[in-house]
Amino acid sequence: MSVERLAPAARVLMREEIAAAHGREVSFVVRADPNGTLAEARVVARGTIDAVLALPGVAERGEMLLHNHPSGFLEPSGADLHVAARLHDEGVGFGIVDNDVGTLYVVVECPRARTVTRLDSMAVADLLAETGPVARVMGAFEDRPSQRDMAAYTADVYNDGGIALLEAGTGVGKSFAYLVPALEWARTNGERTVVSTNTINLQEQLVGKDLPILARALSSGERAVTFALLKGWRNYLCLSRLEQARAGQESLFDDARAAELESIAGWASRTADGSLADLVEEPSTEVWDAVAAESDLCTRLKCPHFDRCFVFSARRRAAEADVVVVNHHLLASDLAVRIASDNWQEAAVLPPYRRLVLDEAHHLEDVAAQHLGTQVSMLGVQRLLGRLERNGRGLLPTLAAELGTHDDLLSAASRDLLTRGVLDALGAARRGAEELFGRLGRRLDVDQVLRLTDAFSEDAVWSEGLGVALENLLVAFSKLRDGVETIADRLSIDDPAEMRTRLVSELRGVVRRLDSAAEALKATLRGVTGGKSVRWMERRGRKTPNLTLTTVPLDLAPILKDALFDRTETVVLTSATLAAGGEFTFLEERLGLSLPPSRVTVREVLPSPFDFPSQCVFGIPTDIPEPRDDESGHGAAVARVLVELAHASDGGIFALFTSHTALRRAADAVRGQLGGRWPLLVQGEGQRDHLLRRFRDAGSAILLGTDSFWEGVDVPGRALRVLILAKLPFKVPSEPLTAARLERLTEAGVDGFTHYLVPLAALKLKQGFGRLIRTKSDVGAVVLLDRRVVTKRYGARMLEGLPPATKAIGNWSDVRRELEEFFAMHGIGAPVT
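Read on for an overview of the structure. (Residues numbered from 1 in each chain as written. Predicted model: local features only at pLDDT ≥ 70, side-chain atom pairs only at ≥ 80, totals over all residues. Heavy atoms only, no water.)

## A word on the overall build of the protein chain
Right, on to step 1. Helix and strand content of the protein chain: 30 helices and 23 strands.
Right, on to step 2. Its C-alpha atoms give the protein chain a radius of gyration of 30 Å, within 12% of the compact-globule value 28 Å for 833 residues.
Right, on to step 3. In the protein chain, which comprises 833 residues, the share counted as buried stands at 54%.
Right, on to step 4. As displayed, the protein chain has an accessible area near 35700 Å², and 50% of this comes from carbon and sulfur atoms.
Right, on to step 5. The centroid of the 98 positive side-chain charges in the protein chain is displaced by 2 Å from the centroid of its 113 negative side-chain charges. (Helix = DSSP H or I, 4+ residues; strand = E, 2+ residues; numbered from the N terminus. Rg over C-alpha atoms; globule rule 2.2 N^0.38 Å. Buried < 20%, exposed > 50% of the residue type's maximum accessible area, 1.4 Å probe, protein only. Areas by Shrake-Rupley, 256 points an atom, 1.4 Å probe, with all protein chains shown as cover. Lys, Arg positive; Asp, Glu negative; His and termini not counted. Charge placed at Lys NZ, Arg CZ, Asp CG, Glu CD.)

Structure representation (structure tokens):
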């Protein structure tokens, strides 16, 4: 068959790559132009053709996979036909060339590029009407005009490309509104959408409830719509690492951990997806570290368990799905990998995508900062060193036992290096880590958080020995790496047995992580990173204190614009809180969406279908002391109001605080005044989900929560009838990242309080407010115990974005009376006597 279909540049590249591989097999992806010419060749795998199956999403519909047969015999083998069949299902062609790229054998023709079929936005909206297919499947269905409007806007941005900002008030049903157009687009154009959320709860709702309903409603006889949930590698069990851990458990674990390992082995034969979420009890960090899937330890097709691999089963499902549900952390990890490898077309952490929905989009900036920066912690370093050896168990004792079974010269030399070199370096690393983190901890004695500016290089802690401690630790890490690599190289030459190969991979994985820890320590303490960054160290945790060092880019806007938004055809950003004061300006500036040329084509606030004036009363007492001026007086007033409202509403109260200190102070103040009549549930005195379940079940409990409870809490019905917001949720200006962003705004001549702190607080206030009214039948009161919202100029901007509840503003006695009247009208509680 003629090779003229291959563009000359593609032929040259393929010939050079095959020659560089010494004539062995190389796989390429080429794209067909409108005339059928195959151009733009790129290498995707080296080795046998099966290697491409370890790369889900390696080619897109309309492309062709080509590989060479070194023998010059171009008839497809059984493996070729297997790969060709798999690719054909995805709309990808398949062909074979000789080593000179002089002859081309097409096994499966490359499909012609199809014209895009536009969605009828009104027809898409009608799928969510009272007489539509979704309503028929669900049975009980509420017609929601805002939901249908949102579906139409989303369909338009699929048709024309660009970015849509769609704030959807509580009760709009935003997940159906974006999933229906995504599934219809996939059904008509064969193109996937990635949906990214911030919380596990929303992921589980999408995959466990919403998508199954829509799949039944929208699948036709000719094509069923499909979806998949994809998690990060470490969420999945690795069968190979499990097998290795069980084989070496005597040298790896004590009896309790060995029993836990055996329990996981039993679960491995029953689990549906092999993920942490499928385990009844969360495993210990020590055991899961030894059996979790790790990208850099994976041998892909060489693994004997590849066909059963939980990670690649999930990735294959994702590569073939119409909608792939991920979280912001996984999306940001994928983004970091693509930036580092300059890979914008092929699979990375996620399969390639051009259509993206960001739900809970207001969290994207903070999550992206975590993954585009560096972080190292005291406990993290201790865990890594403990994986090598702890109390006579670990990878190094396992290696010593393995080396002891051989009496050849290389094994003897390796035993000597292990005993005299590697174990000595491990001891030095432990001492170095203890000294380094000890000195940093003492520097943090007064503060829980310390921002590291350029002035930190002159801090007295360096002359007191921090520099020596850092250098000693880095040298010890380096010696550990060199020793392990030397032994690993010797073992690879001496005996490439499977057991040794796995052990070597584990050891190399640990030292790679130690290298990453070393880079993070240097970046944070010495500030050796490119570009403007924010550095800080902090102490976290009360039961097990942990010192963490973090470095993040200061300005993510241009990074997100270039690496994410400008490389994606369609992006829908949605949440119940995107607009601050009715404007999207704040979010657009933070995420780089306002940088020219802006691709934002839709900005809409879709109102809630709830009747807030009749369902909710919003009380704002004006005689409560301001928290900034009289912290103790404000705290006492919060406790008093909470107790009085408990009597008025017969419990059913959810109180939100802005700090753990204020929360604990309130809990201590009210505990003795409730008389045991209403269960008091306090964040920190139980797991979050357990507390919420007890709150729902009790019906008259009082729940006190802080930061993580301001959103993602869904308690419809009478169990929640009063929401107390103790204080306006302003960020602490001295937090390192906040302080740096405020400084950047000041340098630009912008008032940071007005343009950063106020919009952030407005968005979070809206999130908190949204905890109360969750259905059309809910009724209750929101009480904000911070009069600044009506006495300060910025207050109007904050109130503007809140639902239009009936307001009760005045002295607490007057506000309380109005609340009691509202409660009586709706049969809530009894008046305070």
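## Brief notes about the sheet that holds strand S18 (residues 653-656)
Adjacent strands of a sheet form backbone hydrogen bonds with each other and so pair up, either parallel or antiparallel.
Right, on to step 1. Pairing is parallel in the open sheet, where 7 strands are placed in the order S19-S20-S18-S21-S22-S17-S23. The outermost strands of the open sheet, each flanked by one partner alone, are strand S19 (680-682) and strand S23 (806-810). Pairs of neighbouring strands in the sheet enclose a mean axial angle of 15°, with direction left out of account.
Right, on to step 2. When strand S17 (residues 616-621) meets S23, the two strands line up parallel, connected through 5 bridges. Paired with Gly619 across the two strands is Ala808, which belongs to S23. (Pairing = 2+ DSSP bridges. Axes fitted to C-alpha atoms, helices over the stretch in contact; angles between N-to-C directions.)

## Topic: helix H7 (residues 200-218)
Right, on to step 1. The first and last C-alpha atoms of H7 sit 25 Å apart over 19 residues, in line with the 27 Å expected at 1.5 Å per residue.
Right, on to step 2. When the local axis directions of H7 are compared, the greatest deviation, roughly 40°, occurs at Leu206.
Right, on to step 3. Residues of H7 that are buried include every one of Leu202, Gln203, Leu206, Val207, Asp210, Leu211, Ile213, Leu214, Ala215, Ala217 and Leu218, and no others.
Right, on to step 4. Among the structural elements, helix H4 (133-138), helix H6 (174-189), strand S7 (193-197), strand S8 (227-229), strand S9 (323-327) and strand S10 (355-359) are those in contact with the buried residues of H7.
Right, on to step 5. Two or three places before Leu202, at the start of H7, stands the capping residue Thr199, its side-chain oxygen 3.3 Å from that residue's backbone nitrogen. (Expected span 1.5 Å × (residues − 1). Bend = angle between axes of the 7 residues up to and from the residue. Contact = heavy atoms within 4.5 Å. Polar contact = N/O pair within 3.5 Å; in protein donor to acceptor, adjacent residues only side chain to side chain.)

## Side note on the packing of aromatic side chains
Right, on to step 1. Following the criterion strictly, the structure yields 13 aromatic pairs and no others.
Right, on to step 2. Centroid distance Tyr158 to Trp185: 5.6 Å. Interplanar angle 45°. Geometry classified as tilted. Highlighted residues: Tyr158 in helix H5 (residues 145-160) and Trp185 in helix H6, separated in sequence by 27 residues. Here the two residues Tyr158 and Trp185 agree in accessibility, since each one is buried. (Phe/Tyr/Trp six-rings, centres within 6.5 Å; stacked < 30°, edge-to-face > 60°.)

## Re the pattern of salt bridges
Right, on to step 1. According to the stated counting rule, one finds 53 salt bridges in the structure shown.
Right, on to step 2. As a salt-bridge pair, Glu184 and Arg187 come within 2.8 Å of each other at their nearest N and O atoms. Of the two residues, Glu184 and Arg187 both sit in helix H6, 3 residues apart, roughly one turn of that helix.
Right, on to step 3. The salt bridge involving Glu735 is made with Lys731; its shortest N-O contact spans 3.9 Å.
Right, on to step 4. A relative accessible area of 30% means that Lys731 is categorised as partly exposed.
Right, on to step 5. Salt bridges sharing partners connect three or more residues here, namely Arg234, Asp289, Glu294, Arg383 and Arg513. (Salt bridge = Lys/Arg side-chain N within 4 Å of Asp/Glu carboxyl O.)

## Some thoughts on the sheet that holds S8
Right, on to step 1. Across the sheet, 7 strands lie side by side as S8-S9-S7-S10-S15-S6-S16; this open sheet has parallel pairing. Every other strand in the sheet has two partners, leaving S8 and strand S16 (600-606) as the edge strands with one partner each. Across the sheet, the axes of successive neighbouring strands diverge by a mean angle of 15°, strand direction being ignored.
Right, on to step 2. Inspection of the sheet shows S7 paired to S9 by 5 bridges, in the parallel sense. Across the sheet, the residue bridging to Val194 is Val324, located in S9.
Right, on to step 3. Strands S7, S9 and S10 of the sheet are contacted by helix H13 (residues 328-341), whose axis makes an angle of about 95° with S9.

## Comments concerning the packing of H6 against H7
Right, on to step 1. With their axes 10 Å apart at the nearest point, H6 and H7 run at an angle of 50° to one another. Judged on the interaxial angle alone, H7 and H6 are oblique. The element H6 and its partner H7 pack so that their crossing is right-handed. Residue-level inspection shows Lys174, Ser175, Phe176, Tyr178, Leu179, Val180, Leu183, Glu184 and Arg187 of H6 in contact with H7, the latter providing Leu202, Gln205, Leu206, Asp210, Leu211, Ile213, Leu214 and Leu218.
Right, on to step 2. Each residue belonging to the contact of H6 with H7 can be placed in one class, and the counts come to 11 nonpolar, 2 polar and 4 charged. (Parallel < 35°, antiparallel > 145°, perpendicular 65-115°, else oblique. Left-handed = near helix turned anticlockwise from the far one by under 90°. Nonpolar A, V, L, I, M, F, W, Y, C, P; charged D, E, K, R; others polar.)

## Quick notes on the pairing of strand S22 (residues 780-784)
Right, on to step 1. Counting buried positions along S22 gives 5 out of 5 residues, so the element sits mostly inside the fold.
Right, on to step 2. On S22, burial covers both faces: Gly780, Val782 and Leu784 on one face and Ala781 and Val783 on the other are all buried.
Right, on to step 3. With 4 bridges joining them, S17 and S22 adopt parallel strand pairing. Each bridged residue has a counterpart across the sheet, and for Phe618 the counterpart in S22 is Val782.
Right, on to step 4. Sheet analysis places strand S21 (residues 722-725) next to S22, joined by 4 bridges and oriented parallel. Bridged to Val722 within S22 is Ala781.

## Description of the side chain of Ser575
Right, on to step 1. The topology assignment puts Ser575 in strand S15 (residues 570-575).
Right, on to step 2. A polar contact is formed between the side chain of Ser575 and the side chain of His362, at a distance of 2.9 Å.
Right, on to step 3. Discounting chain neighbours no more than four positions away, the residues touching Ser575 are Leu166, Glu167, Ala168, Lys174, Asp359, Glu360, Ala361, His362 and Gln767.

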